[in-house]
Amino acid sequence: AGPLRELYFIIVNSTAAVARFERATLWELGKSPRLLAVSGAESPNPRTVEAEKLRDIIAARTETGEPSTLRSNGGENGNADLLWLPLRVEGVFTHGLLLQKLSAPAWTEAEIKTLKPLATAYAGALGLFGEKKSGWKTRSSLARTLWPLAALAALLILTLVRIPLR
């Protein structure tokens, strides 16, 4: 699957440790939002009625850069309270995490406040692991960062370890 797909999986499935919700979906923003991952699913199906409905809701919203609550009426799971967490990668809103509450109480300010730094961390991870064509990175920033650190660590080890010459 690759590191980026694994990161998508971690984002949508690990968020449940921080807040109570029924489903998380990760979206790539562009001309039309593209479904990247769904919690509890190995690979997303962007052609379901629910996915298309969520895509329309995401496309219709105005990006403010802040988490926002939305409402989904009807659909295969009934009404849902949605929380949109925009993910700013390298200064640009390129992704978003949509959390759905189907039966729990609506999103509280405390939950939103807790999830906001997590969204920032997810955006940072996407920036490190993301590889895109047309203007994005051709190599991972993580790899570019780790090479000099590895060389420095090797040099440090070589200077600290003294090998006797006799």
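Just so it is clear, the model here is predicted, and its values are computed rather than measured. (Residues numbered from 1 in each chain as written. Predicted model: local features only at pLDDT ≥ 70, side-chain atom pairs only at ≥ 80, totals over all residues. Heavy atoms only, no water.)

A.B. asks: Please provide a residue-by-residue account of the nonpolar core, values included.
C.D. replies: In terms of nonpolar packing, the biggest core is built from 24 residues, with Leu26, Leu97, Leu99 and Trp107 touching the most fellow members. The biggest single contributor to this core is helix 3 (residues 109-129), with seven residues. Apart from residues lying up to four places away in sequence, Trp107 is in contact with Ala19, Arg20, Phe21, Thr69, Asp81, Leu82, Leu83, Leu99, Gln100, Lys101, Ile112 and Leu115. Within the second largest apolar cluster, eleven residues are counted, among which are Ala51, Ala80, Leu82 and Trp84. (Core = buried A, V, L, I, M, F, W, Y, C linked by side-chain atoms within 4.5 Å. Buried < 20%, exposed > 50% of the residue type's maximum accessible area, 1.4 Å probe, protein only. Helix = DSSP H or I, 4+ residues; strand = E, 2+ residues; numbered from the N terminus. Contact = heavy atoms within 4.5 Å.)

A.B. asks: Residue-level account of helix 2 (residues 49-60), with values.
C.D. replies: In an α-helix, one turn spans 3.6 residues, which is why side chains three or four residues apart end up on the same side. With twelve residues, helix 2 ought to run about 16 Å at 1.5 Å a step, and its terminal C-alpha atoms sit 17 Å apart, in line with that. Where helix 2 is buried, its residues meet strand 1 (23-28), strand 2 (34-38), strand 3 (68-72), strand 4 (80-89) and strand 5 (92-101). (Expected span 1.5 Å × (residues − 1).)

A.B. asks: Tell me what's going on with the pairing of strand 2, and back it up with residues and numbers.
C.D. replies: The buried fraction of strand 2 is high, at four of five residues. Where strand 1 lies against strand 2, four bridges are found, and the strand directions are antiparallel. What sits directly across from Trp27, in strand 2, is Leu35. (Pairing = 2+ DSSP bridges.)

A.B. asks: Which residues make up the sheet that holds strand 2, and what are the values?
C.D. replies: Ordered in space as 2-1-5-4-3, the five strands form an open sheet in which the pairing is antiparallel. In this open sheet, the two strands that pair with only one neighbour each are strand 2 and strand 3. Direction aside, the axes of adjacent strands within the sheet are offset by 30° on average. As paired elements, strand 4 and strand 5 share nine bridges and run antiparallel to each other. (Axes fitted to C-alpha atoms, helices over the stretch in contact; angles between N-to-C directions.)

A.B. asks: Describe the packing of aromatic side chains, listing the residues and the values that go with them.
C.D. replies: Taken as a whole and assessed by the stated rule, the structure comprises zero aromatic pairs. If you follow Lys101 out to its NZ or CZ, it ends over the ring of Trp107, 4.4 Å from the centre. (Phe/Tyr/Trp six-rings, centres within 6.5 Å; stacked < 30°, edge-to-face > 60°. Lys NZ or Arg CZ within 6 Å of the ring centre and 35° of its normal.)

A.B. asks: Please set out the pattern of salt bridges residue by residue, giving values where relevant.
C.D. replies: Under the counting rule described, the total for this entry stands at four salt bridges. The partner of Glu66 in a salt bridge is Lys116, and the shortest N-O contact between them spans 2.5 Å. You can see Glu66 sitting in the loop between helix 2 and strand 3 and its partner Lys116 sitting in helix 3, a full 50 residues away along the chain. Glu111 is the partner of Lys101 in a salt bridge, and the nearest nitrogen-oxygen pair spans 2.9 Å. One end of the pair, Lys101, is in strand 5; the other, Glu111, is in helix 3, with ten residues separating them in the sequence. Residue class for Lys101 comes out buried when judged on its relative accessible area of 4%. (Salt bridge = Lys/Arg side-chain N within 4 Å of Asp/Glu carboxyl O.)

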